[in-house]
Protein chains: 2
Amino acid sequence: MLVSTDLRPNETRALAALFRAGALSRAALARDLGLTRSTTGALVLGLTEAGLARERSDEANDEQDGEGRVGRPGILVEIEGNGGFFLGAYIGVNWIATVAVDLAGAQRASASRAFAGPGSTPEAAVAIIRELVAEIRSQLPEGARPYGLNVAVPGFPAADGISYHATILGWHGVNLAELLGNAFRGDFPILLENDANAVAVAETYRAQPGKDDEDALVILIENGVGGGIINAGRLHRGRLGGAGEIGHLRIGDEGFVFDAKRPGRLESYVGKDALLARYLHISGRRAGVDEFVAALAGGDPAAVATARDWALWFGRGLATLACTLQPERIILSGSVNAIYPFVAEQVEAFLLDFLAEGYPVPTVELSRVGADGPALGAACLLHQAALSGDPQFQLRGLAAR
Amino acid sequence: MLVSTDLRPNETRALAALFRAGALSRAALARDLGLTRSTTGALVLGLTEAGLARERSDEANDEQDGEGRVGRPGILVEIEGNGGFFLGAYIGVNWIATVAVDLAGAQRASASRAFAGPGSTPEAAVAIIRELVAEIRSQLPEGARPYGLNVAVPGFPAADGISYHATILGWHGVNLAELLGNAFRGDFPILLENDANAVAVAETYRAQPGKDDEDALVILIENGVGGGIINAGRLHRGRLGGAGEIGHLRIGDEGFVFDAKRPGRLESYVGKDALLARYLHISGRRAGVDEFVAALAGGDPAAVATARDWALWFGRGLATLACTLQPERIILSGSVNAIYPFVAEQVEAFLLDFLAEGYPVPTVELSRVGADGPALGAACLLHQAALSGDPQFQLRGLAAR
DNA sequence: GTAATTTGTTTGGTTGACATACTAATTGAC
DNA sequence: GTCAATTAGTATGTCAACCAAACAAATTAC
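Residues numbered from 1 in each chain as written. Chains lettered and ligands numbered in written order. Predicted model: local features only at pLDDT ≥ 70, side-chain atom pairs only at ≥ 80, totals over all residues. Heavy atoms only, no water.

## Details of the pattern of salt bridges
Residues and elements named next belong to chain A.
Here is step 1 of the chain: A complete count under the given rule lists 36 salt bridges over all chains for this structure.
Here is step 2 of the chain: A salt bridge links Glu328 to Lys211; the nearest nitrogen and oxygen atoms lie 2.9 Å apart. Of this pair, Glu328 sits in the loop between helix 10 (301–325) and strand 16 (329–333) while Lys211 sits in the loop between helix 6 (195–204) and strand 13 (216–221), and the two are 117 residues apart along the sequence.
Here is step 3 of the chain: Overlapping salt bridges bring together Arg54, Arg56, Glu78 and Glu80 as one network. (Salt bridge = Lys/Arg side-chain N within 4 Å of Asp/Glu carboxyl O. Helix = DSSP H or I, 4+ residues; strand = E, 2+ residues; numbered from the N terminus.)

## With respect to the protein's contact with DNA strand C
Here is step 1 of the chain: The full set close to DNA strand C counts 25 residues, and Ala27, Arg37, Arg72 and Ile75 of chain A together with Asn10 of chain B are the nearest of them.
Here is step 2 of the chain: Looking at DNA strand C alone, sugar and phosphate atoms form 67% of those within 4 Å of the protein.
Here is step 3 of the chain: In the model, a phosphate oxygen of DNA strand C is placed 3.1 Å from a nitrogen or oxygen of the Arg26 of chain A main chain.
Here is step 4 of the chain: Among the secondary structure elements, those contributing two or more residues to the surface near DNA strand C are helix 2 (26–33) and helix 3 (37–49) of chain A together with helix 3 (37–49) of chain B.
Here is step 5 of the chain: For the surface near DNA strand C, the element with the highest residue contribution is helix 2 of chain A, accounting for three residues. (Near = heavy atom within 4 Å. Polar contact = N/O pair within 3.5 Å; in protein donor to acceptor, adjacent residues only side chain to side chain.)

## Observations concerning the packing of aromatic side chains
Here a ring pair, both rings aromatic, is described through the centre-centre distance and the interplanar angle of the planes.
Here is step 1 of the chain: For the structure on display, the rule yields 20 aromatic pairs over all chains.
Here is step 2 of the chain: Arranged with centres 4.6 Å apart and planes meeting at 20°, the rings of Trp310 of chain A and Phe314 of chain A form a pair that is stacked. Pair noted here: Trp310 of chain A and Phe314 of chain A are both in helix 10, with a separation of four residues, about one helical turn. Phe314 of chain A carries the same exposure label as Trp310 of chain A, and that label is buried.
Here is step 3 of the chain: For the pair Phe256 of chain B and Tyr269 of chain B, a centre-to-centre distance of 5.3 Å together with 75° between the ring planes defines the contact as edge-to-face. (Phe/Tyr/Trp six-rings, centres within 6.5 Å; stacked < 30°, edge-to-face > 60°. Buried < 20%, exposed > 50% of the residue type's maximum accessible area, 1.4 Å probe, protein only.)

## Structural notes on the state of the cysteines
Here is step 1 of the chain: For the structure on display, the rule yields zero disulfides over all chains.
Here is step 2 of the chain: This cysteine, Cys323 of chain A, is not joined by any disulfide, and Cys323 of chain B carries the nearest cysteine sulfur, 19 Å off.
Here is step 3 of the chain: The exposure class assigned to Cys323 of chain A is buried, which follows from its relative accessible area of 2%. (Disulfide = S-S within 2.5 Å.)

## Here we look at the interface of chain B and chain A
Here is step 1 of the chain: Chain B puts 43 residues into the contact, and the matching count from chain A is 43 residues.
Here is step 2 of the chain: It is Arg239, Arg250 and Phe354 of chain B in chain B that bury the most area against chain A; as a group they hold 19% of the surface buried on that side.
Here is step 3 of the chain: The tally of links between chain B and chain A comes to four salt bridges.
Here is step 4 of the chain: Its salt-bridge partner being Asp253 of chain B, residue Arg316 of chain A comes within 3.2 Å of it at the nearest N-O pair.
Here is step 5 of the chain: Where chain B packs against chain A, one counts 17 residue pairs in polar contact (both at pLDDT 80 or more).
Here is step 6 of the chain: Every element with two or more residues in the side of chain B that touches chain A is listed here: strand 14 (225–231), helix 10 (301–325) and helix 11 (340–354) of chain B.
Here is step 7 of the chain: With six residues, the single largest contributor to the side of chain B that touches chain A is helix 10 of chain B. (Contact = heavy atoms within 4.5 Å. Buried area = accessible area lost by both parts, 1.4 Å probe.)

Listed below in C-alpha cells is the structure:
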C-alpha cells in the first residue's frame, strides 16, 4: 500500500541542496550535507522511491566539473518536478492570474482572466480565483495535491492583523484570508503577500543556479512606485509585510504631480502620471507611455528633456536606496521601465559619482519575468518555505508500507 | 578522560530554545523542539554533563505560568553561562573596547583603553586589541577558550573583498582581517563588522525574552548619521555589510551644513555639526551638544526653534525609512539623541500624519546600551551564529569518554 | 595495461529518537 | 483529608538513521 509520509529533516535538506545546485551526484550531495556517501545513497533511494528525486537522463550533460577530473564519474540526481506543486495567484487591477510551480521550481501551469478590480467585490475575486485554480489543477498530473496557495494582492494587511486594505481596488477592512479560506476550505494552507514583494521574489528566486543569497532591490514603476527587498536570498518583509514602500521616499520638496499632503515623494517625480505630466508641461503634448517611449526613441527633444529630468530624480532615489540597502542588483519592473535604457548611462554615472569610493555599485537591470510575475513570485515563496523545512508546508512523499 | 566534543544538531537547537525563553522545563523544551519528553530528558542530561546547561537554583521563581496550573511542576533548565564565551571588540575614534559575552548571552568581562584613532596605524590598534583580549580572558574562568572574536570598525570593507576603508580613521586599503589573524594566529576565528550594524544588534539582541524576530532600525547620530537594520531578528547586512548607511538619504536640496558634492543628505540636517551650525545661525552662540541640550531644557527660544527645525527634517528621514523598511521599533543612539525627548511629540505627530491609514507606526525609543554597544553587539553576533548552528562556531561540550 | 582516483553499494555496529509504561508532584472536587 | 485528574520526569525495549569499513565499478594518468 502506498501512503503519504512526512519527510525527514535530511531529506528536506537534500532536496534544498539539489534545488540550489540544479543536480548533484550522490557523492557531491554527501559533501554538501556533511553526511557519508552510504547514508546519502540510502537518502536518494528513499527520495526516488517517494517520487521526489530521479537520476538525470540526458547523458549528454556529463561534464560536471571541468575536464581533468579523475575517478569514476557520478550519476547526477535531480529533483522530480512532479513531486509537489505550489500555487500562486495575483489579484490585479485589470486581471486575476494563477500559476502552479512544481517541486523543481519550474512553472507548470497558468491561467488568467480579466477582472474589473475597482468596482468589483472581494467575493467576486475569490470566486474567480477558485475557478482558475480548478483550471490549472486540471493541467497538473492526476491526483497532484498542492501544498498551498499564496495570493499576491495590491495592498497591505492592516495593523489589526485581520483586515486588509487595497486602496487601489477600493477595498478596506476586508478579511481576504478568511474569504479565501472558506472558498478552499481545508484543502491547503492559504497565505497573502503584497504584490511588489511577490514580484521581487519572482525576479530573484533561482536567478542564478548555485546562488541563493542574493541581495537585490526590485522597483515596480506604474502610477505608484513600489518595491520589494531581498536580503541574503530572503524577502525583507518588515513588520506586516509592508517593507519596500519606496514610493513615499522623500527626495525633494514638490514633485511633477503635486500632492499637498505628502509632497516631494519619489513617485510624484518618477511614476507614470508624473512622467507624462512633465512631458505635457514641456511639450504641450498629452501622451501615453508607449507614445512617449516612441517619441524618445525618435529623438524628440521634449521627450529627451523629460527623460533627463526623470533620470535626475530617479537617480536620487536610487542613490538613497543603494546606500540604505546596499543591494547587489537593482531590477526595474513595471511599464515605465521601458524608458530606462535611454537614460541608463546618466543614472549610472550619477550613482557612481554619489556612492563613496570603494562602495559596491549595484547593477541596474530590467525585469525578466512577464505578466505572471506576482503570481509566480507568490508560488515561489511557498516553494522556498517548503524547501526550508517550514512545518506549515512539510513536504511529503509516497512510500510503500 | 574528558574530551571536547561537537554538539549534535538537536543539542544546539535545545540551547537556542533555552536562550530564547530564558529557562524551560524539560517538558516545555520537548514541546518547543517537537521531541518526546524521554528524548529531551536525555538531551538535557547530556548538556548538563557537558557543562552547557543546568537546573535553575532559585526556588523562588517557581511561578512558571500563571497560577491555576495543575500537575507536577517542572524543574526549570537554563543555559550554563560558563559553557562558552564570545569576544567582541570595537575600534573607535577615541578608544578601543573589548567585551566577553557568555553562552547565556550575558556580558561577563570588559576592558578598554584610550586610542588616538586618526594618526594611529592599524598595527597599533591590533596590538591594543591583543592586550585587551588577554586582559578580559584573565577575567574569565580558568581554561575558557573563546569561540571567536568579532571586531566592530567605523567603516566598511571595500568591493575588492580584502581591503578595508575607514575614512574617519584615515585608513584606506588596510587588510585588517589579516592583521588580526596574524595577532591571534589560529586561536579562534576572527570576523569584522561595521560599528553601526554591531550597535543595532546590541540594542535588539534579546531585548525581549521569548522574542527573536524583531524588526527594528537603529539610528546612530553623531557628526555623521549611520544605521543598522534588523529584519526578523537578523542583521540586514547587504552586499558587503554596508546596508544602513542612512546618512546619505537625500531628503532635501541643501542642508544646514552644505556639502557641494552630495547636498541635501540627512546627516547635513540632523548630524551634530548640522544641529550646532543651525543653532549658531539662529542664536549667534557657539555651543556643544551638552550646552545645547541645557539651553533647550531651560527653554531658550533659539534652542527651541533649532530643535523644531531639527525635528522637521528628522521626521522626514524617519518617514522615508519607516515606509522603506517598516520596522516595529526605531532606536536612537549617539550623543545627539539627547535632544529627542524634547521633540518626540512633534516627530511622532509627523510620522502618524505621513504614514498611510492602517499602516503600523513604529515606536521611537532611546538607546539602552552604553558605550560598550559596538563591542557588545559584535560579540552577540557570534553568539547568535553559534546558537543558529553556524558550522564556523560549532558549539562544543566536555564529555566523559 | 596498471596504478590512482573517485563513485556508488553493501554490511554490521552505534546511537538518537520513539512509544510505552512507570513514578513523582501538584491542583481541584468532594 | 482523601482521591481523582493532570502534568513532569525517568526507565526500557524497539526502530531506524547514520557511520565506518570494505568492496566493486568506472574513469584518468602514466
